[in-house]
Structures are given as structure tokens and as C-alpha cells.
Amino acid sequence: MARSPTLDELRRHAIARSLFRPVTLPAAIRRLGFVQADPMRAPARAQDLILFQRVRDYRAGDLERRYERLGIEEDAFVNYGFMPRETLALLHPRTPRRPWDAATLAQARDVLAFVQSRGEVHPREVGEAFAHHGRVASYWGGELNASTRLLDRMHHHGWLRVRRREAGTRVYEAMTHAEQDDSPAARRARAEALVDTIVALYAPLPAPSLGYLVTLLRYGANHLCNETRAVVKAARERYGHATLDGTTWFWPADENPASRRHQPVDGVRLLAPFDPVVWDRRRFEMLWGWAYRFEAYVPAPKRTMGHYALPVLWGEQMVGWANLRVERGRLQHALGFVAARPRDAGFERALDEELYRMETFLKMAS
């Protein structure tokens, strides 16, 4: 039996297994299993920043441009994002947490008939055709057409899928999900596959983080919440695990965090706030000894790191954070450090190389 890993080995394992050698875009999505999406662009959207670190010659926007040819889907998992179609099949047919009332159901059927008649629709078209639905408050303040909100709910309920994006806006088409075997054994198997996807994406995971992520699965698979909770209760039988300083950690059963093959990445990496390496703030603090904060929604005077701070990974250490912005066609950066700025000349060279890579990714390099 393999010995229990040390915290240093868990740290190296977390980095090496997620920041794998760059591969093709389809291969990276398959290997990750899920890529979280976020519309904020600072200096690029989260999904692009995540894939930039794992895909050869990736450029900002490649995911959106190639979406229709990749055999992937946008949908809800533990958050909203992109996933292989095999994962989507585990999530549907989805039983909504809040069933529609009769009036909303009638509106949804009318909109579905409209989408089916057109083949694909832009929300603008639906808004114009169903202006009589009125307007509703948006999630982020202001108002939007009620039909736009309805499209989002129809997508979540499985009536629609995202066919492509047009300048960042989802273009929908009608969707029918296959019926699933609803036997207890089949439901348990789907729940196990979903929790396996979580563990594979975010391992090594502290037990409280695994529990939290499975709670977030209510977003994508509320109808399997009893089964996914049961998988967590049996996690010691299903996953590799060890207890360090009172915390139990989990990882895929076929991996060994103590293996010497897990080596830190070369150079400097600027990671998205939602990158799998840094997503779990609890794990981040346990592995690196300081608290990273995402402050995009914090009032500017109260920010300590900046609007969209990207954690700075150098080797196996998170040495600080970077805020990037494009001004007059040039990439500007501001750095903050947990302690003093690293004095090693190698850090400065590696940082320059990463900033150049970022410029190329943003298509700014000559």
C-alpha cells in the first residue's frame, strides 16, 4: 500500500495533474471534463484563460469560434460552463427544482414552437416576436426582455441547447434529451460518474470541499442529489485518500500523489480566478498558506488585490497576483506579492515569457 502523501506532495500533485502538457483543444476539454465559463473579460474570459494554459497555440475566442465542431455543450454542472456531450447525458433529463406555473409553461411552449419553426434563434429575434411577455429584472441590475430570461430557463430545463455563439450571445436550437434508465442502480451509476468528474477536475480535494462541490451539483443535477450525497458518504471506498492534520483528502483511486513523477511546472503561470488549480479557496489556503480573493464584485475602495487578480504561480509556489488590462493595444500589468517580490533573475525572465505568451494569446504580439 502506498504511503500517505505529505502536504508538499499534495501541492505538486494538484499542479502537475491539472497543468498538464498542452494538448489539442478537444483533448483538453475531455481531460478536464468541465471548463467553467464567465462573461467577464479581464483581459479575456475565464474559459479562454483556463484553456490557454492547457491547449497548444490557443488564442482568445478559439472555444467560441470552434464550438460547433467540437462535440461539446454549454450547460450547468457545478457551475455554468462547457463539457463533453457524454457528461451532458448524465445531467438530463433534468427535473427542475421549481416547476413552471401554467402561464410560464404556456409561454415556453409558444417560444419552443417559434424556435422549431426557425431552426435556430438569437434572443433578439425572440424578444421582438414575444415583446408582449414584458420585461423582468436582470440578475445584475436593470431589466431585460422576459423572453430572454425564459430562453435561459428553457435551456436549463433541457428544451433548448446552445448551437453556437454570435459575438458572445447564445444562439439556441430545440433539444430533446433521451430518456434515462430510472432504476436505483442506474441513478447511482450516473451520480458516481458526476462525482468522479468533480474529483478528477479538482483533486486532491479536502473532504469539506468535496462536500461543497457535490452540494453545487444541485445546479446541474438536482434530481440526483440523494444519490450524489450517498457517493460522498462512500468516498473512502471509491477514491484514494489520506488524512493530514485532521483533514481527509481525496483523489482518483488510480493516482498516487506521492509519486516522484509529479513535478512543478516550468516558469511562471498567470491563472484565471476560476482555474481548477485555484478554484477551491479552502484548498488554495491549505496548500499555499495565504487567502486569495476574487474581488470583481467588491467596491473598488475595499479591494486588496484588484478587480480581476490572476494568481501568479512560479514553479510550485503561488507568489502573488497580477492584474492585466489592455490599453491602446498594449498589455499592461500590475503585480502584488504575498511577501517580497522574488529576487531571482529567473523569475523576471519567466514572468516576461508569460506576459509575452499572454500577448500572443490575446493576438497582440507582432
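In the block above lies the structure referred to throughout.
All values derive from a computational prediction rather than experimental measurement.

What counts and how
- Residues numbered from 1 in each chain as written.
- Predicted model: local features only at pLDDT ≥ 70, side-chain atom pairs only at ≥ 80, totals over all residues.
- Heavy atoms only, no water.
- Pairing = 2+ DSSP bridges.
- Helix = DSSP H or I, 4+ residues; strand = E, 2+ residues; numbered from the N terminus.
- Axes fitted to C-alpha atoms, helices over the stretch in contact; angles between N-to-C directions.
- Parallel < 35°, antiparallel > 145°, perpendicular 65-115°, else oblique.
- Left-handed = near helix turned anticlockwise from the far one by under 90°.
- Contact = heavy atoms within 4.5 Å.
- Nonpolar A, V, L, I, M, F, W, Y, C, P; charged D, E, K, R; others polar.
- Expected span 1.5 Å × (residues − 1).
- Buried < 20%, exposed > 50% of the residue type's maximum accessible area, 1.4 Å probe, protein only.
- Polar contact = N/O pair within 3.5 Å; in protein donor to acceptor, adjacent residues only side chain to side chain.
- Phe/Tyr/Trp six-rings, centres within 6.5 Å; stacked < 30°, edge-to-face > 60°.

Draft legend 1. Structural view of the sheet that holds strand S12 (residues 310-314). The strand order across the open sheet formed by four strands is S11-S12-S13-S14, and the pairing between neighbours is antiparallel. With partners counted over all chains shown, the strands left at the sheet margins are strand S11 (268-270) and strand S14 (330-337), one partner each. The sheet shows a mean angle of 30 degrees between the axes of neighbouring strands, direction not considered.

Draft legend 2. How the structure looks around the packing of helix H1 (residues 7-18) against helix H14 (residues 281-288). Taken N-terminus to C-terminus, the directions of H1 and H14 make an angle of 130 degrees; their axes are 9 Å apart at the nearest point. For the element pair H1 / H14, the angle class is oblique. Here H1 and H14 pass one another in a crossing that is left-handed. Facing H1, whose interface residues are Leu7, Leu10, Arg11, Ala14 and Ile15, H14 presents Arg283, Met286, Leu287 and Trp288.

Draft legend 3. Region of the structure containing the packing of helix H2 (residues 25-32) against helix H4 (residues 62-70). The geometry of H2 relative to H4 is characterised by a closest axis approach of 11 Å and an angle of 85 degrees between their N-to-C directions. The angle between H2 and H4 places the two elements in the roughly perpendicular class. Between H2 and H4, the residues in contact are Leu25, Pro26 and Ile29 and Asp62, Leu63, Arg66 and Leu70, respectively. Classifying every residue of the contact of H2 with H4 gives five nonpolar, no polar and two charged.

Draft legend 4. Expanded view of the sheet that holds strand S3 (residues 80-84). If you trace the three strands from one edge of the open sheet to the other, you get S1-S3-S2, paired in antiparallel fashion. The open sheet has two edge strands, strand S1 (35-36) and strand S2 (72-76), and neither has a second partner. When S2 meets S3, the two strands line up antiparallel, connected through five bridges. If you follow Glu74 over to S3, its bridge partner there is Phe82.

Draft legend 5. Quick peek at helix H9 (residues 184-202). Taking 1.5 Å as the rise per residue, H9 with 19 residues should run 27 Å; its terminal C-alpha atoms sit 27 Å apart, in good agreement. Listing the buried residues of H9 in full gives Ala186, Arg187, Arg190, Ala191, Glu192, Leu194, Val195, Thr197, Ile198, Val199, Leu201 and Tyr202.

Draft legend 6. Structural detail: helix H15 (residues 345-361). End to end, H15 covers 24 Å across 17 residues, agreeing with the expected 24 Å (1.5 Å per residue, within 8%). Of the surrounding elements, those touching the buried residues of H15 are helix H3 (46-52), S11, S12, strand S13 (317-327) and S14. Where H15 begins, the capping side chain belongs to Asp344, and its oxygen is found 2.7 Å from the backbone nitrogen of Gly346.

Draft legend 7. Summary view of the environment of Gln116. Within the secondary structure, Gln116 is located in helix H6 (residues 102-118). Taking relative accessible area as the criterion, Gln116 reaches 51% and is therefore assigned exposed. In this structure, the C-alpha to C-alpha distance between Gln116 and Arg341, residues 225 residues apart in sequence, is 58 Å.

Draft legend 8. Just the pairing of S13, in detail. Pairing geometry for S12 and S13, over five bridges, is antiparallel. Bridge pairing in S13 links Leu310 to Ala322. Hairpin remark: S12 followed by S13, antiparallel, with two residues in the connecting loop; positive phi at Gly315, about 65 degrees. Where S13 meets S14, eight bridges bridge the pair, whose relative direction is antiparallel. Note on S14: the bridge partner recorded for Asn323 is Ala334.

Draft legend 9. Local environment of the packing of aromatic side chains. Overall, the coordinates contain 17 aromatic pairs when judged by the stated rule. Centroid distance Tyr58 to Phe361: 6.2 Å. Interplanar angle 25 degrees. Geometry classified as stacked. Here Tyr58, found in the loop between H3 and H4, pairs with Phe361, found in helix H15; they are 303 residues apart in sequence, far enough to count as distant. Between Phe284 and Trp290, the ring centres sit 4.9 Å apart and the planes meet at 90 degrees, which makes this aromatic pair edge-to-face. Taking the relative accessible area as the measure of exposure, Phe284 reaches 0% and is therefore buried. Judged by relative accessible area, Trp290 falls into the buried class, the value being 8%. Chaining the aromatic ring pairs together yields one cluster made of Phe284, Trp288, Trp290, Tyr292 and Trp321.

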